[in-house]
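A structural walkthrough
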Amino acid sequence: MSAKRITIDGNQAAATIAHLCNEVIAIYPITPASPMGELADAWSAVGRKNLWGDTPEVIEMQSEGGAAGAIHGALQGGALSTTFTASQGLLLMLPNMYKIAGELSPTVFHVAARSLAAQALSIFCDHADVMATRGTGFGLIASASVQEAMDLALIAQAATLEGRVPMLHFFDGFRTSHEVSKIEAVDEATVRAMINDEWVDAHHRRALNPEHPLLRGSSQNPDVYFQARETVNPYYSAMPAIVQGAMDRFAALTGRQYQLFDYRGHPEAERIMVVMGSAAQTTEETVEALAAAGEKVGLVIARLYRPLDSSALLAALPATTRALAVLDRTKEPGAGGEPLYKDVLSAVAQGLADGQAAFETMPRVIGGRYGLSSKEFTPGMCKAVFDELAQERPKNDFTIGIHDDISNTSLAWDASYRNPSAGVTGALFYGLGSDGTVSANKNSIKIIGEKTELHAQGYFVYDSKKSGAVTVSHLRFGPEPIRSSYLLDEGDAQFVACHQERLLQRYDMLAKAAPGAVFLLNSSAPPEQVWTSLPRPVQQHIIDKKLSFYTIDAYRIADEVGMGKRINTIMQTCFFSICELLPSSEAIDAIKQAIEKSYGGRGADIIKRNFSAVDAAIDGLHRIAVPEQVDSSIELAPAVAEGAPEFVREVTAEIIAGRGDALPVSCLPVDGSFPTATAAWEKRNLAQEIPVWDEALCIQCGKCPFVCPHAAIRSKLFDPAELQGTPASFKHVAARGKEFPEGWHISYQVAPEDCTGCGLCVDICPAKDKKEPGRRALNMAPQPPLLEQERENWDYFLALPDYDRTTLALSKMK
């Protein structure tokens, strides 16, 4: 069957169905589920209709608890209602979820599954939040990909309306919610065919209505409460068959068949893994590779987790099953096993006892944890689990993906193991949060997906510091659907782009380049000098791997066309020019169409500037001839300076350097308590320009330290007699004001590696040069020529004695 192919992320996939199938949508933003609510709100704002020709009412509440309460009320009023949430936000909805389920009110909550704050907060993915809802009475259905996020959103909606059991539809936060992928769209005709209006009318008729009043939400005593809880059993018993029926109807309409428990792998598999969520994609890919090599391995993908249909699970397992490994993306401290593991173990044991299992002897069942807080789950890790199942006594309660040197739960894995990936091209882009790199790459994936026959996937690694932090965009494209739900690793990337040249001194990014790959660098150095500006290890990678090396001064072009520091469209144009995925003219047209779509609301001038940047990019792109020998004396910068405390050297530095994944369990505090003052050792070195103090113009108002959001510019009072070994470029002047000791001096000093170049200090500075009105007491200047001297000045500044704060007039700014 042919269907329209679109390139979207998991959040949009789920939100599309939710908006089409509901009348009331109550929202409260929480990462990584926020885009679902934002999209629904934007669609309703422009009058986009639902399945019945009405515009859904989108209401933003003051908390997730309020959103759940609004949904509860709307459902009791007979409206088709939904919400989107994750993590602690989902926990705030639990009281209402118990009520909604107890009253058999059909609804679907869409959740971008995320870690719960335990020893620390994490915005990244695991299943701790959805597992916390198991007792509410909501059904739980899991999507493993962007395609499934759209498909199962509809299946869940149809099933809840038919069976009255509310559903929680979840997919992995960031991994699926923010992954951009080319999928087959579910059209409105399919939605119409899946949703029976009789079910909708029945829901409307159950609304609380003064015309036919009834009582809900009563209080019950011990004499009847127990019996009343048991009345719902027939609904939960019927729900698995209802969900499977919806899956079957969906298959007849689209050709995509789902099962409550889907089996993949060798028909006579002896070693089986059971997983749910995006790990199923990685495992399926690995199972195919291992089975093709003759290994008898298989995979069971759990889709409907609640209500659990044990018979469907048993039916999915081959009669040859000898050993099962059940992987959970959550940890329940103190439990005898994680939730999915215990349910599978119970189903297998009970099924064998009842004679429902195809196998005659009890398989060995082991459970393990993986992927907490979006920790990677790779083919090598997957293979390690299958290898463990082959042992005579495989380890139970294991972990995979970490090094547990305390409890010794972890399995070793081969990080170099790869699944065959014929025809797949990988591309890596290193940028900074808010520099446009991620947005440009999302547009690139959509262009590849919509303008070529290639399948495309984009996954984006964010730091929780967000703006100004490093982002890494992982793009894959190839002739077949891409199921690699893991990051590109060493030797995987045929294209590596560094949008911020200083990142070269912090990250060994070319270790991930494949032999013969392309390296694109945004550099302010002239083409004839760019080779000598590279760190020595970077030069070595380029020579050893025979990389093609291109450079462009994107910041110069952006400045010339009036785009400030926004280089994303320039770098995007270079990518398409080098890779030749489309004819040059088609690529340029597609990029400009994406610009119009992205920036159309910001005015014609913004679009014109971006168009100029695209046109100038090709002329500014240079291929650099690679010498045969390394000639650089520049080394990669250490993660932290010498003299850092032990914890900073052994833990913080590894995290800063991007090697935190390799830290063993023993390095981490047991209760999440970290030493203070560790952030000062992280020198992010982000700024292209930093403020330079003109002491002759300064009126010493104190506004610049006050306004700096990162405390990267500070002032200090001191006795000039204390100055010893002062750097030649260190600036200080006599302090103004009777409140300070006579003859003392003041200095305003910037930390060049902590400054982000935001310019707020310059904007607020009131002291202007009368002869040159554009000049102030603080003026932005390029950072690289100033880095060494200002680093020395900052260290000297910090070493000066602090002024006695008890004598300060705290009511005055300076």
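This text goes with the structure placed above it.
Heads up: these notes are all about the structure in this document.

Parameters and conventions
- Residues numbered from 1 in each chain as written.
- Predicted model: local features only at pLDDT ≥ 70, side-chain atom pairs only at ≥ 80, totals over all residues.
- Heavy atoms only, no water.
- Disulfide = S-S within 2.5 Å.
- Buried < 20%, exposed > 50% of the residue type's maximum accessible area, 1.4 Å probe, protein only.
- Pairing = 2+ DSSP bridges.
- Helix = DSSP H or I, 4+ residues; strand = E, 2+ residues; numbered from the N terminus.
- Contact = heavy atoms within 4.5 Å.
- Axes fitted to C-alpha atoms, helices over the stretch in contact; angles between N-to-C directions.
- Parallel < 35°, antiparallel > 145°, perpendicular 65-115°, else oblique.
- Left-handed = near helix turned anticlockwise from the far one by under 90°.
- Nonpolar A, V, L, I, M, F, W, Y, C, P; charged D, E, K, R; others polar.

**Quick notes on the state of the cysteines**
Put plainly, a disulfide is one covalent bond tying together the sulfur atoms of two cysteines. Under the criterion given, the structure shown has 0 disulfides. With no disulfide partner, Cys 704 has as its closest neighbouring cysteine sulfur the one in Cys 701, 6.2 Å distant. Assessed through its relative accessible area of 11%, Cys 704 is described here as buried. Cys 761 takes part in no disulfide bond, and the closest cysteine sulfur, belonging to Cys 758, lies 6.3 Å away. Take Cys 761: its relative accessible area is 8%, and that puts it in the buried class.

**Observations concerning the sheet that holds strand β26 (residues 745-750)**
Taken in spatial order, the 3 strands make up an open sheet running β24-β26-β25, and their pairing is antiparallel. Looking at which strands have only one partner, the edges of the open sheet turn out to be β24 (713-718) and β25 (733-734). Relative to β26, β24 runs antiparallel, the two being bridged by 6 bridges. The residue bridging Leu 717 from the neighbouring strand is Ile 746, located in β26. With respect to the sheet, helix α25 (residues 787-799) is in contact with β24 and β26, its orientation differing from that of β26 by roughly 130°.

**Some words on the sheet that holds strand β10 (residues 271-275)**
The 6 strands are arranged β9-β11-β10-β13-β14-β15 in an open sheet whose pairing can be described as mixed. Of all strands in the sheet, those bounded by a partner on one side alone are β9 (261-265) and β15 (398-400). Neighbour-to-neighbour, the strand axes of this sheet turn through a mean angle of 25°, independent of strand direction. Examined bridge by bridge, β9 and strand β11 (residues 297-302) share 5 bridges and lie antiparallel to one another. Bridge pairing in β11 places Gly 265 opposite Gly 298. Running at roughly 160° to β11, helix α12 (residues 279-292) makes contact with β9, β10, β11 and β14 (364-370) of the sheet. Packing of helix α14 (residues 339-353) onto the sheet brings it into contact with β10, β11, β13 (323-328) and β14, and relative to β13 it is tilted by some 150°.

**Focus on the packing of helix α1 (residues 10-20) against helix α2 (residues 34-45)**
Interaxial distance between α1 and α2 falls to 9 Å at its minimum, and their mutual angle equals 45°. With respect to each other, α1 and α2 are oriented oblique. Crossing of α1 against α2: the hand is right-handed. Counted together, Asn 11, Gln 12, Ala 14, Ala 15, Thr 16 and His 19 of α1 and Pro 35, Met 36, Leu 39, Ala 40, Trp 43 and Ser 44 of α2 form the full contact between these two elements. Its residues assigned to classes, the contact of α1 with α2 shows 7 nonpolar, 5 polar and no charged.

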